[in-house]
Amino acid sequence: MSFLLRRAGFYVVAFVVAAIFNFLLPRLMPGNPVDIMFAQAGTVLPPESLEALKATFGFVDGPWPVQFGRYLASVFTFDLGLSVRFHPLTVNAVLMQALPWTLLLVLTSSLIAFLLGSALGIRAAWRRGGAFDSFGAPAALMIQAVPPLVTSLVALFVLSIRLKWLPTGYAWAPELDPGFTLAFIGSVLVHAALPILTLVVAQIGGYLVTMRNSMINLLGEDYITLATAKGLSDGRVRYAYAARNALLPTVTSFAMTLGATFGGALITEIVFNYPGLGYTLYQGITARDYPLIQGQLMLMTLAMLTANFAADLLCLALDPRLRRA
């Protein structure tokens, strides 16, 4: 309980710090959404309408401490205001429309990359110095170093434009009506395959290298030697003794990568015109939509903190030493 309380206190402080930066960053950007809307209207709107627009979207002219107080109140009451870009929809409605699509990409790709990368890392560590270890780990690092934008564009060009195996973008076929039908679900899965593939490629190298290095550090431990001397099977020593303990840093890496992928899906969603949170954030930035930007960034922060706290709980379950500490 002491461990959990310390970690929970840390995440509360991290959330407050993130809220401060979330408040400041949009306001440090050049331009103002209301002024932009007013300028685009030209002579259609009278000057007195400027104040009405500010009141409608919650842009107060008071000092920043006053604005920050109202911002915190909106965060803790989940009243994020109206979206400038998608008016008259609220920010909550816009984010809830985009959230399921990003969750589909992020959770699926992260789980596939974690399982596959960890399995390959175990194999590379167990047969270190072999052919797979000599070429697999360096190749994984090279692939991970490629920017997601390049990976997305190459996958789009090869698999969609040249080979025509997968759709070029969007979340489902436009001729289908959304609903819980086999045709619509199949279309969603087909359209999500390419974005998921690019996100898996971007993540798998990190899991492979992390698992490999962590497991190699454990293979020389006395309990591994004892398990081998007792005549336990190769698979039991590999997975029950070595891999289980080597999972701890990999689980932490999974939580951090999950949060980063939640925000990093921005590039992938823009390339494939996928209607998730990343593409929504891009639209909000181009429109100087302060409420949408703040709501999106806060949602990403909560996702990363929640993922890390879940990793702490999982590490607590995997490592009995933490429960005795």
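Note that the structure is a prediction, hence the values are computed from the model and not measured. (Residues numbered from 1 in each chain as written. Predicted model: local features only at pLDDT ≥ 70, side-chain atom pairs only at ≥ 80, totals over all residues. Heavy atoms only, no water.)

Looking at the packing of helix 7 (residues 148-162) against helix 8 (residues 182-218)
To keep things clear, this is the line we draw: Lines fitted to the C-alpha atoms define the axes, with helices restricted to the stretch that makes contact. Angles between their N-to-C directions range from 0 to 180 degrees. We count a stretch as a helix when DSSP gives it H or I for four or more residues in a row; a strand needs E for two or more, and each element gets its number in order from the N terminus. Orientation is classified from the angle alone, with under 35 degrees giving roughly parallel, over 145 giving roughly antiparallel, 65 to 115 giving roughly perpendicular, and any other angle giving oblique. Note on convention: the crossing is left-handed when the near helix lies turned anticlockwise from the far helix by less than a right angle, right-handed when the turn is clockwise. The contact rule is simple, with two residues in contact once any of their heavy atoms fall within 4.5 Å. By the convention adopted, Pro, Cys, Tyr, Trp, Phe, Met, Ile, Leu, Val and Ala count as nonpolar, Lys, Arg, Asp and Glu as charged, and the other residues, Gly among them, as polar.
For the pair helix 7 and helix 8, interaxial distance at closest approach is 10 Å and the crossing angle is 135°. As summarised for this structure, helix 7 and helix 8 are arranged oblique, according to the angle between their axes. The handedness of the crossing between helix 7 and helix 8 comes out as right-handed. Seen from helix 7, the contacting residues are T151, S152, A155, L156, L159 and S160; seen from helix 8, they are L194, L197, T198 and V201. Of the residues contributing to the contact of helix 7 with helix 8, the split by class is 6 nonpolar, 4 polar and no charged.

Some points on the UniProt feature "transmembrane region" (unreviewed entry) in the protein chain
In plain terms, the rule: UniProt positions are given in the numbering used here, feature names are shortened, and annotations may be inferred rather than shown by experiment.
Mapped onto this structure's residue numbering, the UniProt feature "transmembrane region" (unreviewed entry) falls at residues 7-25, 101-126, 138-161, 181-209, 246-272 and 292-318. Spanning residues 181-209, this segment combines 97% helix with 0% strand, and its end C-alpha atoms are found 41 Å apart.

Re the side chain of S110
This is how it is decided: Residues adjacent in sequence count toward polar contacts only when both atoms are side-chain atoms; beyond that, a polar contact is any pair of N or O atoms within 3.5 Å, and within protein one must be able to donate a hydrogen and the other to accept it.
Mapped onto the elements of the fold, S110 is located in helix 5 (residues 91-126). Polar contacts involving the side chain of S110 include one to the side chain of Q203, which spans 3.3 Å.

A word on the nonpolar core
Soluble globular proteins tend to pack their nonpolar side chains together in the buried interior. Rules: The set of buried Ala, Val, Leu, Ile, Met, Phe, Trp, Tyr and Cys residues whose side-chain atoms join them within 4.5 Å is what this entry labels a nonpolar core. Only protein chains enter the accessibility calculation, which uses a 1.4 Å probe; a residue is then buried when its area is under 20% of its type maximum, exposed when over 50%, and partly exposed in between.
Judged by nonpolar contacts, the single largest core of 15 residues is most densely connected at W101, L105, W172 and Y274. Broken down by element, this core gets its largest block of residues, 8 residues, from helix 8. Beyond its immediate sequence surroundings of up to four residues, W172 is in contact with W101, P178, F184, S187, V188 and H191. Of all hydrophobic cores here, the second largest spans 12 residues; its members include M211, M215, I224 and A242.

Things to note about helix 7
Because an α-helix completes one turn every 3.6 residues, residues spaced three or four positions apart along the sequence face the same direction. The condition that has to hold: Take the number of residues in a helix, subtract one, and multiply by 1.5 Å to get its expected span.
With 15 residues, helix 7 ought to run about 21 Å at 1.5 Å a step, and its terminal C-alpha atoms sit 20 Å apart, in line with that. Turning to helix 7, its buried residues are T151, S152, A155, L156, L159 and S160. Downstream of helix 7 by one or two residues, K164 has phi in the positive range, about 55°.

As for the packing of aromatic side chains
Filter applied, for reference: We call Phe, Tyr and Trp rings a pair once their centres come within 6.5 Å, taking the six-membered ring for Trp, and we label the pair stacked below 30 degrees between planes, edge-to-face above 60, and tilted otherwise.
By the definition in use, this model includes 7 aromatic pairs. Ring geometry for W101 against Y274: centres 6.0 Å apart, planes inclined by 85°, an arrangement best described as edge-to-face. Here W101, found in helix 5, pairs with Y274, found in the loop between helix 10 (234-271) and helix 11 (277-286); they are 173 residues apart in sequence, far enough to count as distant. Pair check on accessibility: W101 and Y274 agree, each one buried. Relative to W172, the ring of Y170 lies with its centre 5.2 Å away and its plane at 55°, an arrangement referred to as tilted. Judged by relative accessible area, which is 34%, Y170 ranks as partly exposed. Through successive ring pairs, a cluster of aromatic residues spans W101, Y170, W172, F184 and Y274.

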